[in-house]
Amino acid sequence: MTGIRGDRSRGARLLLVIATTTLLAGCATATAGPPGAASPSASPSPTPTAACPQVEGVELPPDCAPYDPDHAMAQNDRYRDRMELSDESRGAAEKPAADVRAALETLRTSGAISVEAVEDAFADAGIDGVQTIGDERAVAFGAAAPEGGCIFGEVSADVLTVEIGGIIMDGGCLPAVGH
């Protein structure tokens, strides 16, 4: 009985040795020339280890991967961009947006601006789920329009904007604070 088990154990060890040798041999590469010389496929240029902004008239060190900082910043701010809105969706949002605009103008001129008052103006126009950011000095708002898209803007003592547009790339109608 030990003979069969011993044969299996030796066979498993032999198989393990063969697999390990094959694996290690696959990691080796042949080089032309004396030992320690670079292989023919070695790159004469260093591999970039840092991202460096491109500046006109400035040569970057060889270990830099160049990038355009203005383009990178523009891409970083894409979350604020709004998606396209169909004419039908825009048309369906015009009446409630006009109602909201009239109510917010009354708030603005009376000096009664608050987050709650803005939310009430939307509720009175038949729109719920408004997102707001602000206080009694100014309130930014955004809400889903009846057939898609958003009604968004800002109200303060000096400014009132009410716009209709698509949702922002981040989702929703109002960009997050501190983004």
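Here's what I pulled together on the structure shown here. (Residues numbered from 1 in each chain as written. Predicted model: local features only at pLDDT ≥ 70, side-chain atom pairs only at ≥ 80, totals over all residues. Heavy atoms only, no water.)

As for the environment of aspartate 99
Residue position: aspartate 99 is located in helix 3 (residues 87–110). Separated by 23 residues in the primary sequence, aspartate 99 and phenylalanine 122 have C-alpha atoms spaced 8.3 Å apart. (Helix = DSSP H or I, 4+ residues; strand = E, 2+ residues; numbered from the N terminus.)

What about the side chain of serine 156?
Note that serine 156 resides in strand 5 (residues 150–156). Ignoring anything within four residues of it in the chain, the contact list for serine 156 reads Arg108, Ile113, Arg137 and Ala138. (Contact = heavy atoms within 4.5 Å.)

What about the state of the cysteines?
Within this structure, the stated rule accounts for two disulfides. Two residues, cysteine 52 and cysteine 64, share a disulfide whose sulfurs are 1.9 Å apart. When the S-S torsion is -50°, as for the bridge of cysteine 52 with cysteine 64, the disulfide is left-handed. With cysteine 52 in strand 1 (residues 50–53) and cysteine 64 in strand 2 (residues 64–67), this pair connects stretches of sequence that are 12 residues apart. (Disulfide = S-S within 2.5 Å.)

Points about helix 4 (residues 115–124)
All buried positions along helix 4 are accounted for by Val115, Ala117, Val118, Ala121 and Phe122. Positive backbone phi, at 85°, marks glycine 126, one or two positions downstream of helix 4. (Buried < 20%, exposed > 50% of the residue type's maximum accessible area, 1.4 Å probe, protein only.)

Observations concerning the nonpolar core
One finds Leu104, Val118, Phe122, Phe141 and Ile151 to be the most contacted residues of the largest nonpolar core, which totals 23 residues. When contributions to this core are tallied by element, the ones reaching two or more residues are helix 3, helix 4, strand 4 (138–144), strand 5 and strand 6 (160–165). Apart from the residues within four sequence positions on either side, isoleucine 151 is in contact with Ala93, Pro96, Ala97, Phe122, Ile127, Phe141, Gly142, Ala143, Ala145, Val162 and Glu163. (Core = buried A, V, L, I, M, F, W, Y, C linked by side-chain atoms within 4.5 Å.)

Overview of the pairing of strand 4
Two elements, strand 3 (residues 131–134) and strand 4, share four bridges in a ladder whose sense is antiparallel. Its bridge partner lying in strand 4, threonine 132 is registered against phenylalanine 141. Between strand 3 and strand 4, which pair antiparallel and follow one another directly, the connecting turn spans three residues. Two strands pair when backbone bridges link them, and strand 4 and strand 5 are joined in this way by seven bridges, in the antiparallel orientation. Bridged to alanine 143 within strand 5 is isoleucine 151. Turn length for the strand 4-strand 5 hairpin, with the two strands adjacent in sequence and antiparallel, is five residues, and the turn residue glycine 148 shows positive phi of about 105°. (Pairing = 2+ DSSP bridges.)

Re the sheet that holds strand 3
Read from one edge of the open sheet, four strands run 3-4-5-6, paired in antiparallel fashion. What marks the edges here is a single partner per strand, and that holds for strand 3 and strand 6. Strand-to-strand twist across the sheet, computed as the mean angle between neighbouring axes with direction ignored, equals 10°. Contacts from helix 3 reach strand 4, strand 5 and strand 6, with the element oriented near 170° to strand 6. In this fold helix 4 packs onto strand 3, strand 4 and strand 5, with an angle of close to 30° to the strand it touches most, strand 4. (Axes fitted to C-alpha atoms, helices over the stretch in contact; angles between N-to-C directions.)

Quick look at helix 3
In a regular helix each residue adds 1.5 Å, so 24 residues correspond to 34 Å; helix 3 covers 34 Å between its end C-alpha atoms and thus fits that length. Largest kink in helix 3: about 35°, centred on glutamate 94, with the proline proline 96 one to four residues after it. Burial in helix 3 covers these residues: Ser89, Ala93, Pro96, Ala97, Val100, Leu104 and Leu107. Residues of helix 3 that are buried make contact with helix 4, strand 4, strand 5 and strand 6. Where helix 3 terminates, the next one or two residues include glycine 111, which has phi positive at roughly 80°. (Expected span 1.5 Å × (residues − 1). Bend = angle between axes of the 7 residues up to and from the residue.)

Nothing here speaks to function; it is all geometry.
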